Amino acid sequence: MFYFSYFQFALVFAGAQKNIGPAGVTLVIVRSDLLGKPSALCPTVFNYSVMANENSLHNTPPCFW
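Bear in mind that the values here come from a model prediction, so they are computed numbers and not experimental data. (Residues numbered from 1 in each chain as written. Predicted model: local features only at pLDDT ≥ 70, side-chain atom pairs only at ≥ 80, totals over all residues. Heavy atoms only, no water.)

Some remarks on a nonpolar patch on the surface
Right, so step 1: A cluster of nonpolar residues, Phe 2, Phe 4, Tyr 6, Phe 7, Phe 9, Leu 27 and Ile 29, forms a patch on the protein surface that exposes about 780 Å² of accessible area.
Right, so step 2: Within the secondary structure layout, Phe 2 lies in the segment before β1 (11-16). (Patch = residues over 30% accessible without salt bridge, like charges linked within 9 Å, V, L, I, M, F, W, Y side chains within 5 Å. Areas by Shrake-Rupley, 256 points an atom, 1.4 Å probe, with all protein chains shown as cover. Salt bridge = Lys/Arg side-chain N within 4 Å of Asp/Glu carboxyl O. Helix = DSSP H or I, 4+ residues; strand = E, 2+ residues; numbered from the N terminus.)

With respect to the pattern of salt bridges
Right, so step 1: Across all of its chains, the model carries 1 salt bridge by this definition.
Right, so step 2: For Arg 31, the salt bridge identified is with Asp 33, shortest N-O distance 2.7 Å.
Right, so step 3: Taking relative accessible area as the criterion, Arg 31 reaches 37% and is therefore assigned partly exposed.
Right, so step 4: Taking relative accessible area as the criterion, Asp 33 reaches 40% and is therefore assigned partly exposed. (Buried < 20%, exposed > 50% of the residue type's maximum accessible area, 1.4 Å probe, protein only.)

Some words on the layout of surface pockets
Right, so step 1: As a volume, the second largest pocket reaches approximately 170 Å³.
Right, so step 2: In terms of lining, the second largest pocket is formed by 13 residues, of which the most central are Leu 34, Lys 37, Pro 38, Phe 46 and Tyr 48.
Right, so step 3: Tallied by class, residues from the lining of the second largest pocket come to 8 nonpolar, 4 polar and 1 charged. (1 Å grid on protein atoms, 1.4 Å probe; cavity = no way out; pocket = protein on both sides within 12 Å on 5 of 7 lines; lining within 4 Å. Points joined across faces, edges and corners; volume = space filled by probe spheres on them. Nonpolar A, V, L, I, M, F, W, Y, C, P; charged D, E, K, R; others polar.)

Concerning the side chain of Ser 49
Right, so step 1: By secondary structure assignment, the location of Ser 49 is in helix α1 (residues 48-53).
Right, so step 2: Residue Ser 49 is classed as buried on the basis of its relative accessible area of 15%.
Right, so step 3: Here the side chain of Ser 49 touches Asn 47 through a polar contact of 2.6 Å, side chain to side chain.
Right, so step 4: Beyond its immediate sequence surroundings of up to four residues, Ser 49 is in contact with Leu 35 and Gly 36. (Polar contact = N/O pair within 3.5 Å; in protein donor to acceptor, adjacent residues only side chain to side chain. Contact = heavy atoms within 4.5 Å.)

Focus: the confidence of the model for the chain
Right, so step 1: Per-residue confidence for the chain averages 77 on the pLDDT scale, and 80% of its residues sit at or above 70.
Right, so step 2: Across the chain, the element-wise mean pLDDT spans from 81 in strand β2 (residues 25-30) up to 83 in β1. (pLDDT = per-residue confidence, 0-100.)

The following block contains the structure:
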């Protein structure tokens, strides 16, 4: 098993995709000093300050049980 301290990174991005059905899951850990400083070319979906302000619910499709 591989262990690392995520404190040494500014951004950690992990994803698990599926071959069938809805999209998989994505985990993003962003250092707080990087939030609020997006590039002018950055799309909203990759602006992690938007995700932080909206409790990770921006661009989340509705799910029905």
